[in-house]
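Residue-level structure breakdown
Here is what each chain is made of, one letter per residue.
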Amino acid sequence: MNSFLALGLAAVIAFGVTALLGFVMIPWLHKLKFGQTILDIGPIWHKSKQGTPTMGGLMFVVGVLLSVAAVFVTDRIMGGDIIAGDNLVHNAMYTKLFSGIIMALSFGLIGFVDDYIKVVKGRNLGLTIRQKTFMQLLVSIAFLGSLRLAGCSYMFIPFYGVTGDLGIFFFLFGICIIYGATNAVNFTDGIDGLCASVTLTSASAMIVIAFMRNNMGAGVAASALAGACAGFLVWNRNPAKVFMGDTGSMFLGGMIVALAYAVDCPLILLFVGIVYFIEGLSDVIQIGYFKLTNGKRIFKMAPIHHHFEMSGWKENKIVLAFSAVNIIGCAVGAAIIYYG
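Since the structure is predicted, the reported quantities are computational estimates derived from the model, not experimental observations.

**Overview of the overall build of the chain**
- In terms of helices and strands, the chain carries 12 helices and two strands.
- Ordered by position from N to C terminus, the α and β elements of the chain give α-α-α-α-β-β-α-α-α-α-α-α-α-α.
- Against the 2.2 N^0.38 benchmark of 20 Å for 340 residues, the chain shows a C-alpha radius of gyration of 19 Å, consistent with a compact globule.
- Within the chain, buried positions represent 55% of all 340 residues.
- A separation of at least 24 residues holds for 74% of the contacts in the chain among residues at least 6 apart in sequence.
- A total of about 15200 Å² of accessible surface is found on the chain, and carbon and sulfur atoms cover 70% of it.
- Separation between the mean location of the 21 positive side-chain charges and that of the 15 negative ones in the chain comes to 9 Å.

Below is the structure:
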C-alpha cells in the first residue's frame, strides 16, 4: 500500500470510529452514572463539571486499535509489509511496534481500574500512588524486556548516531522515561480538550519523524493516534461532554512513549512532548518548594495549566497557548531528527 494512502486511511478511520462512538458511549456512560467527581481543592468553577461522564478514553482506544488493525490487514492483503518495509530485521520492527501498543493498552487498563474505583467509591482518588506506581513499573520493565529480547536495547541519539547495547542502563533510563512521560501526560489532562489537543500535535510530529526514520509502521500508528485525538475533541472540547479519565490519559502516554521507542529515539520526547515535560516539572517544583518552605507555593495551583486558569485564563485560551508551545517543540524535535 502506498505510504501516504496508509497514513491518510489510518487517520480517517481513527477519527471516524472515535467520533461516532461518542453517540453510543456517552449516553451509555451517563446510564451507568460513570460521572467525574471534582476535587474540592480545584478551581470552584470546575464544580459545574461534576457528573460529566468519564472513562471516555475508551472511545479513542478503540479508534486507534481498529484503525491500526484495518490498515495493517489491508496492507498485507495487498501483498505489502508496511511495518518492516525494507528493513532486514523484521522481527525487531514488529516487536517495537506491537510491544509498544500492548504497553499503551496496559497503561490504559491501569487507568481504567483507577477510574472504576473513583466511580464506584464516588471520590476523586482511585488507586493509591504505591499501587499505581508498582503496576506502571511492571509494565515498563515488561516492555523494555521485550525490546531487549528482540535485540533492540540500543538508542538513536541525534548528532551522535546509534549506540550499542546499553545493558542495564537501557532499563534504568527506560523506566525513568516511561514512568515520567506517562504520568506527565496524565497531569496534562486537567481542562477540556487540553490533553487531546497537545497529543494531537505530538502524534502529528511523530508521523513526520517516523517518515524520516523510514519506519512507516510507527507512522501509521502515529497517524491513527492523531486521528483518534481529533475525533475525541469533537466531544471533549470546551464545554466537554465527556472526559477521557485516566483510562484515556494513561493510554495516550503509553502510545507517545511507544512511538518514540519505535523510532529508536525516546530522547525526542523532550521536544515533541515539551508541554508534558513542563506540566510534570511544574508539579514536582510545586511539591518540592511546598515541603522546603513549610507551605509556600510558587504556582497558584499545579500542574501549571491550573496556575493560568487561576490567573484568569479561559480554558480555550490555555488549550491554544499550550498547543502552540507544543507545536514549536515538535518543529524543533523534527529539525533535530532531520539534521541530527
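**Notes on empty space enclosed by the protein**
- Throughout the structure, instances matching the rule amount to two cavities of 30 Å³ or more.
- As a volume, the second largest cavity reaches approximately 40 Å³.
- What lines the second largest cavity is K96, L147, C152, Y154, F170, Y261, D264 and P266.
- By residue class, the composition of the lining of the second largest cavity is six nonpolar, no polar and two charged.

**Brief notes about the packing of helix α5 (residues 168-188) against helix α8 (residues 245-262)**
- One way to put it is that α5 packs onto α8 with a least axis distance of 8 Å and a crossing angle of 140°. One finds that α5 runs oblique with respect to α8. Handedness of the crossing formed by α5 with α8: right-handed. Every residue of α8 that contacts α5 at F170, G174, I177, I178, A181, T182, V185 and N186 is listed here: D246, S249, M250, L252, G253, G254, V257 and Y261.

**What about the packing of helix α6 (residues 194-212) against helix α12 (residues 315-339)?**
- Between α6 and α12, the shortest axis-to-axis distance is 9 Å and the interhelical angle comes to 15°. It follows that α6 is roughly parallel to α12 by the angle criterion. Both α6 and α12 take part in a crossing whose hand is right-handed. Contacts between α6 and α12 pair L194, S197, V198, T201, S202, A205, I209 and M212 from the former with I318, V319, F322, S323, N326, I327, C330, A334, I337 and Y338 from the latter.

**Side note on the side chain of T133**
- Relative to the elements of secondary structure, T133 occurs in helix α4 (residues 129-149).
- Engagement of the side chain of T133 in a polar contact is seen with the side chain of Y179, the distance being 3.0 Å.

**Remarks on the nonpolar core**
- Of all hydrophobic cores here, the largest spans 94 residues; its most connected members are L225, L252 and Y261.
- The element best represented in this core is helix α7 (residues 216-236), accounting for 13 residues.
- With residues up to four places along the chain from it excluded, the contact list for L252 reads F60, V185, C195, T199, L225, C229 and M244.

**Some thoughts on the state of the cysteines**
- The full count for this structure, using the stated rule, is zero disulfides.
- Of the cysteine sulfurs around C330, a residue in no disulfide, the closest is that of C229, at 12 Å.

**Digging into the pattern of salt bridges**
- This model, assessed by the stated rule, comprises seven salt bridges.
- Two residues, D114 and K132, come together in a salt bridge whose shortest N-O distance is 3.0 Å. Here D114 is found in helix α3 (residues 90-121), whereas its partner K132 is found in helix α4, with 18 residues between them in sequence.
- Accessibility expressed as a relative area gives 1% for D114, which makes it buried.
- For K132, a relative accessible area of 16% translates into the label buried.

**Quick look at the packing of aromatic side chains**
- Counted according to the given criterion, the structure contains 14 aromatic pairs.
- Their ring planes at 90° and their centres at 4.9 Å tell us that F23 and W235 sit as a pair that is edge-to-face. Of this pair, F23 sits in helix α1 (residues 3-32) while W235 sits in helix α7; the two residues are 212 residues apart in sequence, bridging distant segments of the chain.
- On the basis of relative accessible area, W235 is assigned to the buried category, the value being 13%.

**Focus: a nonpolar patch on the surface**
- On the surface, L270, F277, I278, L281, V284, I285, Y289, I298 and V325 cluster together into a nonpolar patch covering about 730 Å² of accessible area.
- For the nonpolar patch, the element with the highest residue contribution is helix α10 (residues 274-292), accounting for six residues.
- Secondary-structure assignment places V284 in helix α10.

**Focus: α12**
- A rise of 1.5 Å per residue sets the reference length of α12, with its 25 residues, at 36 Å; its end C-alpha atoms lie 36 Å apart and thus fit the reference within 8%.
- Turning to α12, its buried residues are E315, I318, V319, F322, S323, N326, G329, C330, G333, A334, I336 and I337.
- Next to the buried residues of α12 lie β1 (156-157), α6, α9 (269-272), α10 and α11 (304-310).

Rules used in this analysis
Residues numbered from 1 in each chain as written. Predicted model: local features only at pLDDT ≥ 70, side-chain atom pairs only at ≥ 80, totals over all residues. Heavy atoms only, no water. Helix = DSSP H or I, 4+ residues; strand = E, 2+ residues; numbered from the N terminus. Rg over C-alpha atoms; globule rule 2.2 N^0.38 Å. Buried < 20%, exposed > 50% of the residue type's maximum accessible area, 1.4 Å probe, protein only. Contact = heavy atoms within 4.5 Å. Areas by Shrake-Rupley, 256 points an atom, 1.4 Å probe, with all protein chains shown as cover. Lys, Arg positive; Asp, Glu negative; His and termini not counted. Charge placed at Lys NZ, Arg CZ, Asp CG, Glu CD. 1 Å grid on protein atoms, 1.4 Å probe; cavity = no way out; pocket = protein on both sides within 12 Å on 5 of 7 lines; lining within 4 Å. Points joined across faces, edges and corners; volume = space filled by probe spheres on them. Nonpolar A, V, L, I, M, F, W, Y, C, P; charged D, E, K, R; others polar. Axes fitted to C-alpha atoms, helices over the stretch in contact; angles between N-to-C directions. Parallel < 35°, antiparallel > 145°, perpendicular 65-115°, else oblique. Left-handed = near helix turned anticlockwise from the far one by under 90°. Polar contact = N/O pair within 3.5 Å; in protein donor to acceptor, adjacent residues only side chain to side chain. Core = buried A, V, L, I, M, F, W, Y, C linked by side-chain atoms within 4.5 Å. Disulfide = S-S within 2.5 Å. Salt bridge = Lys/Arg side-chain N within 4 Å of Asp/Glu carboxyl O. Phe/Tyr/Trp six-rings, centres within 6.5 Å; stacked < 30°, edge-to-face > 60°. Patch = residues over 30% accessible without salt bridge, like charges linked within 9 Å, V, L, I, M, F, W, Y side chains within 5 Å. Expected span 1.5 Å × (residues − 1).

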